[in-house]
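A look at the structure
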Amino acid sequence: MSDCIFCRIVEGDIPSTMVHEDDESLAFEDLNPQAPVHVLVIPKRHIVSLADAQEADLSLLGRLMLTCSHVAKQKGLDESGYRVVTNIGRNAGQTVFHLHLHILGGRGFQWPPG
Ligand code: AMP
Ligand code: ZN
């Protein structure tokens, strides 16, 4: 989808600071980091949000979760801990409508989230 920012990152039309790539997923630094470590993990294929994922996406969703774990280790967060978040729709504040998992780390976080 050429009007989707994250599809354009996958296609290499928009620059990003890549931290991981495999056949199905990509991880890159968030442009507006909310923590010392803030990485986004996305499927290369356009899916609007978790709410749009299908049964056929089962292994892709597992891949995305494992990519989060892999990137967090790569960033040295596995001992201190970190948060993985995905925003879905208006109430959650989703602004980019291509499924993405936020990996946030390097500081403490509140619970419940704001
Ligand atoms: P969300 O609010 O969950 O939809 O998150 C979208 C995230 O994408 C925000 O944290 C933005 O800072 C981030 N973002 C938007 N455009 C870019 C970009 N070109 N490169 C990296 N991150 C981006
Ligand atoms: Zn997209």
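Now for a look at the structure at hand. (Residues numbered from 1 in each chain as written. Chains lettered and ligands numbered in written order. Predicted model: local features only at pLDDT ≥ 70, side-chain atom pairs only at ≥ 80, totals over all residues. Heavy atoms only, no water.)

**With respect to the site of ligand 1**
Around ligand 1, the structure places 16 residues, and the nearest of them are D30, N87, T95, H100 and H102. Within the side chain of H100, an N or O atom sits 2.9 Å from an oxygen atom of ligand 1. Contacts to ligand 1 include H102, whose side-chain N or O atom sits 2.8 Å from an oxygen atom. For ligand 1, whose unbound accessible area comes to 500 Å², protein coverage reaches 84%. Listed by contribution, the elements that provide at least two residues to the shell around ligand 1 are α1 (5-11) and β2 (25-29). Here the shell around ligand 1 takes three residues from α1, the largest share from any one element. Here the shell around ligand 1 is composed, by residue class, of seven nonpolar, seven polar and two charged. (Near = heavy atom within 4 Å. Polar contact = N/O pair within 3.5 Å; in protein donor to acceptor, adjacent residues only side chain to side chain. Areas by Shrake-Rupley, 256 points an atom, 1.4 Å probe, with all protein chains shown as cover. Helix = DSSP H or I, 4+ residues; strand = E, 2+ residues; numbered from the N terminus. Nonpolar A, V, L, I, M, F, W, Y, C, P; charged D, E, K, R; others polar.)

**Some points on the coordination of the zinc ion (ligand 2)**
A metal bound by six donors in octahedral fashion has ideal angles of 90 or 180 degrees, whereas one bound by four tetrahedral donors has an ideal angle of 109.5 degrees. Protein ligation of the zinc ion (ligand 2) involves C4 (SG), C7 (SG), H46 (ND1) and H98 (ND1), the donor distances falling in the range 2.0 to 2.3 Å. For the zinc ion (ligand 2), the four donor atoms are set out with angles of 106 to 118° between them, so the coordination reads as tetrahedral. For the zinc ion (ligand 2), all donor residues lie on one chain, and their spacing in sequence is C-x2-C-x38-H-x51-H. Separated by 91 residues along the polypeptide, C7 in helix α1 and H98 in the loop between α3 (89-92) and β5 (101-105) bring together distant segments of the chain. Using a relative accessible area of 4% as the deciding quantity, one classes C7 as buried. (Donors = N, O, S within 2.8 Å, 3.2 Å for Na, K, Ca; no water. Tetrahedral: all angles 85-135°; square planar, octahedral: opposite > 155°, others 65-115°. Buried < 20%, exposed > 50% of the residue type's maximum accessible area, 1.4 Å probe, protein only.)

**A short note on the pairing of β5**
Counting buried residues in β5 gives five out of five residues, a clear majority hidden from the surface. Of the two faces of β5, the one carrying L101, I103 and G105 and the one carrying H102 and L104 are both buried. Here strand β3 (residues 37-43) runs beside β5; their pairing, made up of five bridges, is antiparallel. Along β5, the bridge assignment pairs V37 with G105. As paired elements, strand β4 (residues 82-85) and β5 share four bridges and run antiparallel to each other. When the bridges of β5 are listed, Y82 appears paired with G105. (Pairing = 2+ DSSP bridges.)

**Here's the deal with the pairing of strand β1 (residues 18-21)**
Sheet analysis places β1 next to β2, joined by three bridges and oriented antiparallel. Looking across to β2, one finds that M18 is bridged to F28. The antiparallel hairpin formed by β1 and β2 contains three residues in its connecting segment.

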